[in-house]
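# Secondary and tertiary structure notes
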Amino acid sequence: MAATASNPFPFPSRRPPDDSLFYAVYPLPLPTGLPAPALHASLQSLHLSLLSHLAPFLSSHLFHRDPFTLSLPADPSAPCALCASPPVPHLHGALRFGDSLPDEWLAVSLLFALTRAFPDVAARAWDSDGEFLLIEAAFALPRWLDPESAPNRVFIFRGDLHILPPSLFPETPSLEAALAAVYDDSVDTRAADAIQAAIQRRIAGLPEKAAVNLHTARVIVPAPVAKVLKEEPCLIARAVEGFYDRDIDTMKHAARMEKFLKGPGGEGVEMVRTTVRMTRAMYAQLVQQNFQAPRGYPMPRREEGPEKWMEAELGMKIACGFEMMYQERRRQGEEGKGSTWEVYRKSLEAAGCFEGLLPGSMEYKRVMEDAMQYYKSSNLYSRTREILSEPVRRIDEILSTPYSADEFKGTDLPPSDDDSWLYGGDDELNAELRERQKELEEYEAAKKQRSQKQSVSSSSKSHTDEFKLGEITESMQEFIRKMSSFEGAEIPADRRDTESVDLDVNQFFKAMESVLGGGSQEQAGSDDGFDRKSSSSDMDFGISFFLQVTHELFPALTFFIYVTWSIITVES
């Protein structure tokens, strides 16, 4: 289903999750017209290159909910349901960041980094708010850009944000045409510096400084929990999720603690001290919730000191989170959905990679071997996602191997990180509010300056400042009193022999309207979004009407006005 201005999101019938980021990466120029196997091979090569570039960071960083990863569409030649886009060759991904908004901006910084490292790829990112990058730069956006005009206009390319202006595409462009314009060096689609600066402020220092968002804490947990965390540290994300999203049904599992507080024979397990690394959001979700330990859960006495009590309480919440998550996932049967290789192999068949090949033939075996090699290579980088999507299976594998509580004893553990950030967020919040207030003030100042310029420009078009209308009115009255009779205006005797004045009335009216500020002008809006329009006012219409009536009823008065206007024009 293609994206539309009213429905630019990846789900046709419902709003995307509020805690999810969606993104797509496009090779440029688009490899269109290739046979399905060749297109699939091209995307596989790009896939491996991108993941290999990100591997050093992804292998060591911990995300709050889901890790950043890229995948191939099941069928590159078909419309993409995730991206709600036509069949354009691309890679895509979705990342749940939950309550950790920094993870969303970390993923954006990775997209910017990829487009810098690979100049021939472009990317785009959106969430439930649509083009959230534009929301971040709202005060710097051109006035023509809004949610209705934004689809297929915003891209990340070569480390910059690109916005396709209406002068290039008056209507919403197709995705193919938009990508071609972004890749065309002769077309300037790079967004204004103010917009670039607004985005760069949010991703400054990322992904290098992403470790600031992590927190390490010492905890006392059952030995099976310590073993799982030692083998797969990323599973802390699922444990915290299970604890934080608990309900009455899942809390029944925590009351029994059958998996992590009992040994294979039903005997009790030993408690051990270990360290666990998590995001700051995870730590806050654990610490700031009151939760009573289940009956029978071994907790230290408070007399043993507040430090040990805090370590045990934090560990108890993690252990209960593991239990609730494990039992609920097992109940749902998610561990029995089949291997990822089977899913991958079926996607190859759907893409036509084995079309025309006889199973068992040399060519079939060659294609299968290439596919298996690619799967093994890419699986090294997507292993974290597989573990998180099938935690029950992985936990069973870990706990099925022999282990002992002794392997956690006698080791020097680093102290817990300082958690004062959890209670001193006022300064950070106030700094963010001051930054937003500064942006608003700059926007209002620029808006006021534009308004003043337009006002000055409008007044400069009128020459009414060069004379006073009141003085002209008084001169007219004096002229009528001295030089007119019931037959009209009388010309002095010494002027009667001079040449008659040839008055072009239409030209005279136009000239007077020009002098008195009349005339309507209009300039088309430009791509910077600021309307530059001026039109004749009600006063201009009144002046024009007055001149018309004067010419019809008082020819002499009109003649005087003409003479006066001539003098003004010559003197000016």
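Here we summarise the structure given alongside this text. (Residues numbered from 1 in each chain as written. Predicted model: local features only at pLDDT ≥ 70, side-chain atom pairs only at ≥ 80, totals over all residues. Heavy atoms only, no water.)

## Some remarks on the packing of aromatic side chains
Applying the stated criterion across every chain yields a total of 9 aromatic pairs. Arranged with centres 6.1 Å apart and planes meeting at 85°, the rings of phenylalanine 260 and tyrosine 326 form a pair that is edge-to-face. Residue phenylalanine 260 is located in the loop between α8 (248–256) and β7 (271–279), and its partner tyrosine 326 is located in helix α10 (residues 306–332); the two are separated by 66 residues in the primary sequence. Geometrically, the ring pair formed by phenylalanine 354 and tyrosine 364 is tilted, given 5.1 Å between the ring centres and 40° between the ring planes. Taken together, the residues phenylalanine 354 in the loop between α11 (340–350) and α12 (362–389) and tyrosine 364 in helix α12 connect sequence positions 10 residues apart. When sorted by exposure, phenylalanine 354 lands in the same class as tyrosine 364, which is buried. An aromatic cluster is present here, built from Phe260, Phe322 and Tyr326 joined pairwise through their rings. (Phe/Tyr/Trp six-rings, centres within 6.5 Å; stacked < 30°, edge-to-face > 60°. Helix = DSSP H or I, 4+ residues; strand = E, 2+ residues; numbered from the N terminus. Buried < 20%, exposed > 50% of the residue type's maximum accessible area, 1.4 Å probe, protein only.)

## A look at the nonpolar core
Counting 57 residues, the largest nonpolar core has Tyr23, Phe68, Leu70, Leu111, Leu133, Leu161 and Ile163 as its most contacted members. It is helix α2 (residues 101–117) that contributes the most residues to this core, 8 residues altogether. Excluding residues within four positions of it along the chain, tyrosine 23 makes contact with Phe68, Thr69, Leu70, Leu91, His92, Gly93, Ala94, Leu95, Leu111, Arg124, Ala125 and Trp126. If you look at the next biggest cluster of nonpolar residues, it comprises 47 residues, including Leu62, Ala226, Leu229 and Ile236. (Core = buried A, V, L, I, M, F, W, Y, C linked by side-chain atoms within 4.5 Å. Contact = heavy atoms within 4.5 Å.)

## Side note on the sheet that holds strand β3 (residues 121–127)
Ordered in space as β2-β1-β3-β4-β5, the 5 strands form an open sheet in which the pairing is antiparallel. Edge positions in the sheet fall to β2 (91–96) and β5 (160–163), since each has one partner strand and no second. Each strand axis lies, on average, 30° off the axis of its neighbour in the sheet, ignoring direction. As paired elements, strand β1 (residues 20–27) and β3 share 7 bridges and run antiparallel to each other. Looking at β3, one finds that tyrosine 23 is bridged to alanine 125. Against the sheet, helix α1 (residues 36–58) contacts β1, β2 and β3, and its axis sits at roughly 45° relative to β2. Against the sheet, helix α4 (residues 175–183) touches β1, β3 and β4 (154–157), its axis set at about 40° to β4. (Pairing = 2+ DSSP bridges. Axes fitted to C-alpha atoms, helices over the stretch in contact; angles between N-to-C directions.)

## Some points on unusual backbone geometry
Peptide bonds are trans in most cases, and residues, glycine excluded, mostly fall at negative phi. Residue proline 29 follows leucine 28 across a cis peptide bond; omega there is -10°. Its location among the elements puts proline 29 in the loop between β1 and α1. Of note in the backbone geometry, asparagine 152 takes a positive phi value of approximately 60° without being a glycine. Asparagine 152 sits in the buried class, given a relative accessible area of 18%.

## Things to note about the side chain of histidine 64
Along the chain, the position of histidine 64 falls in the loop between α1 and β2. The class of histidine 64 is buried, set by a relative accessible area of 1%. There is a polar contact of 3.0 Å between the side chain of histidine 64 and the side chain of threonine 279. (Polar contact = N/O pair within 3.5 Å; in protein donor to acceptor, adjacent residues only side chain to side chain.)

## With respect to the side chain of glutamate 136
Positionally, glutamate 136 belongs in helix α3 (residues 132–136). Within the structure, glutamate 136 has its side chain in polar contact with the side chain of arginine 202 (distance 3.2 Å).

## Looking at the pattern of salt bridges
Taken as a whole and assessed by the stated rule, the structure comprises 29 salt bridges. Across the pair arginine 65 and aspartate 245 runs a salt bridge whose closest N-O atoms are separated by 3.4 Å. One end of the pair, arginine 65, is in the loop between α1 and β2; the other, aspartate 245, is in the loop between α7 (236–244) and α8, with 180 residues separating them in the sequence. Judged by its relative accessible area of 43%, aspartate 245 is partly exposed. Among the salt bridges present, the one from lysine 409 reaches glutamate 270, with a minimum N-O distance of 2.5 Å. With lysine 409 in the loop between α13 (391–400) and α14 (425–460) and glutamate 270 in the loop between α8 and β7, this pair connects stretches of sequence that are 139 residues apart. In this structure, a network of salt bridges that share partners links the residues Asp19, Arg65, Asp66, Arg96, Arg238, Glu241 and Asp245. (Salt bridge = Lys/Arg side-chain N within 4 Å of Asp/Glu carboxyl O.)

## Considering helix α5 (residues 193–203)
Structurally, the α-helix is built with 3.6 residues per turn, so residues lying three or four positions apart point the same way. Among the residues of α5, Ile195, Gln196, Ala198, Ile199 and Ile203 are the ones counted as buried. Projection of α5 onto a plane perpendicular to its axis shows the buried side chains occupying an angular sector of 160°, all on one side. Packed against the buried residues of α5 are α2, α3 and β5. In the segment just after α5, glycine 205 is the residue with positive phi, at about 85°. (Arc of directions from axis to C-beta.)

## A word on α2
Here α2 spans 25 Å end to end across 17 residues, near enough to the 24 Å set by a 1.5 Å rise per residue. In terms of residue burial, α2 counts as a mostly covered element, since 13 of its 17 residues are buried. (Expected span 1.5 Å × (residues − 1).)

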